[in-house]
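Analysis of the macromolecular model
Below are the chains, spelled out letter by letter.
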Amino acid sequence: MSVDVAVGTEQDWMARAIELATSNVDNDGGPFGALIVRDGEIIATGTNKVTADLDPTAHAEVTAIRNACRALDSFKLAGCVLVTSCEPCPMCLAAALWARVDRVLFAADRDDAADAGFDDRAFYDAFEDPETKCPTPVLRVRMPNRNAAFDAWRGKADRVDY
């Protein structure tokens, strides 16, 4: 994680995200870079580390979100903007929603990523078109105690809601 203290414009932030993505290619990472900005200050950055870390969730956006949460000592990023070099995949968009960022800004889009050999478009299609077959079957297993963990959660007086 690197923190850049720089007040700038959306284009300045995006230029930084693209710079991170481009330099990450030379560091054996994927061509994706992201940063979290709050009040004009870059709080955290992230690059794609999927192959370097052998972690399919280590996308630039998720990495930036994780780094920002640690930097701000919070699991909520309200008041922050996620700036990413490419349109977030469904996983990264969901992570941004869970983090409660105020906005997401991106430069390249899903078609640009597909042209470079990334298969994100298949995942978008699975979520956007009910007629598209999901690449991974998702099946419910019926269990009589399926709500045991939720019951424990509801009964926990000192839980931290999110």
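Criteria and thresholds
Residues numbered from 1 in each chain as written. Predicted model: local features only at pLDDT ≥ 70, side-chain atom pairs only at ≥ 80, totals over all residues. Heavy atoms only, no water. UniProt positions renumbered as here; feature names shortened; annotations may be inferred. Helix = DSSP H or I, 4+ residues; strand = E, 2+ residues; numbered from the N terminus. Core = buried A, V, L, I, M, F, W, Y, C linked by side-chain atoms within 4.5 Å. Buried < 20%, exposed > 50% of the residue type's maximum accessible area, 1.4 Å probe, protein only. Contact = heavy atoms within 4.5 Å. Patch = residues over 30% accessible without salt bridge, like charges linked within 9 Å, V, L, I, M, F, W, Y side chains within 5 Å. Areas by Shrake-Rupley, 256 points an atom, 1.4 Å probe, with all protein chains shown as cover. Salt bridge = Lys/Arg side-chain N within 4 Å of Asp/Glu carboxyl O. Axes fitted to C-alpha atoms, helices over the stretch in contact; angles between N-to-C directions. Parallel < 35°, antiparallel > 145°, perpendicular 65-115°, else oblique. Left-handed = near helix turned anticlockwise from the far one by under 90°. Nonpolar A, V, L, I, M, F, W, Y, C, P; charged D, E, K, R; others polar. Disulfide = S-S within 2.5 Å.

**Digging into the UniProt feature "domain: CMP/dCMP-type deaminase" (unreviewed entry) in the chain**
Taking the numbering used here, the UniProt-annotated feature "domain: CMP/dCMP-type deaminase" (unreviewed entry) corresponds to residues 8-131. Taken end to end, residues 8-131 is 48% helix and 21% strand, and its two terminal C-alpha atoms sit 43 Å from one another.

**Some details on unusual backbone geometry**
Of note, Leu54 is a non-glycine position whose phi angle comes to about 55°, a positive value. The residue Leu54 is located in the loop between helix H2 (50-53) and helix H3 (60-72) in this model. With phi around 55°, Asp73 is a residue other than glycine that occupies positive phi space. Along the chain, the position of Asp73 falls in the loop between H3 and strand E3 (80-86).

**With respect to the nonpolar core**
Core analysis: the largest hydrophobic core is formed by 18 residues, its most contacted members being Ile36, Ile65, Ala68, Leu77, Leu82 and Val101. Every element with two or more residues in this core is listed here: strand E1 (33-38), strand E2 (41-47), H3, E3 and helix H4 (90-99). Sort the elements by how many residues they give to this core and H3 lands first, with 5 residues. When residues no more than four places from it in sequence are discounted, the contact partners of Leu82 are Ala34, Leu35, Ile36, Glu61, Ala96, Val101, Arg103, Val104 and Leu105.

**Points about a nonpolar patch on the surface**
The grouping of Phe75, Trp98, Trp153, Val160 and Tyr162 at the surface amounts to a nonpolar patch, some 610 Å² of accessible area in total. Mapped onto the fold, Val160 is located in the segment after helix H7 (148-154).

**Structural notes on the packing of H3 against H4**
Packing of H3 against H4 brings their axes to within 8 Å, and their N-to-C directions diverge by 20°. Between H3 and H4, the interaxial angle falls into the category roughly parallel. The handedness of the crossing between H3 and H4 comes out as left-handed. Residues Glu61, Val62 and Ile65 of H3 form the contact with H4, whose own contacting residues are Met91, Cys92, Ala95, Ala96 and Ala99. The residue inventory of the contact of H3 with H4, partitioned by class, reads 7 nonpolar, no polar and 1 charged.

**Describing the state of the cysteines**
What the rule picks out here adds up to 0 disulfides. The thiol of Cys86 is not disulfide-bonded; the next cysteine sulfur, from Cys89, is found 9.2 Å away. When its relative accessible area of 6% is taken as the criterion, Cys86 is described as buried. The thiol sulfur of Cys92 is not disulfide-bonded, and the nearest other cysteine sulfur, from Cys89, lies at 3.7 Å. When its relative accessible area of 0% is taken as the criterion, Cys92 is described as buried.

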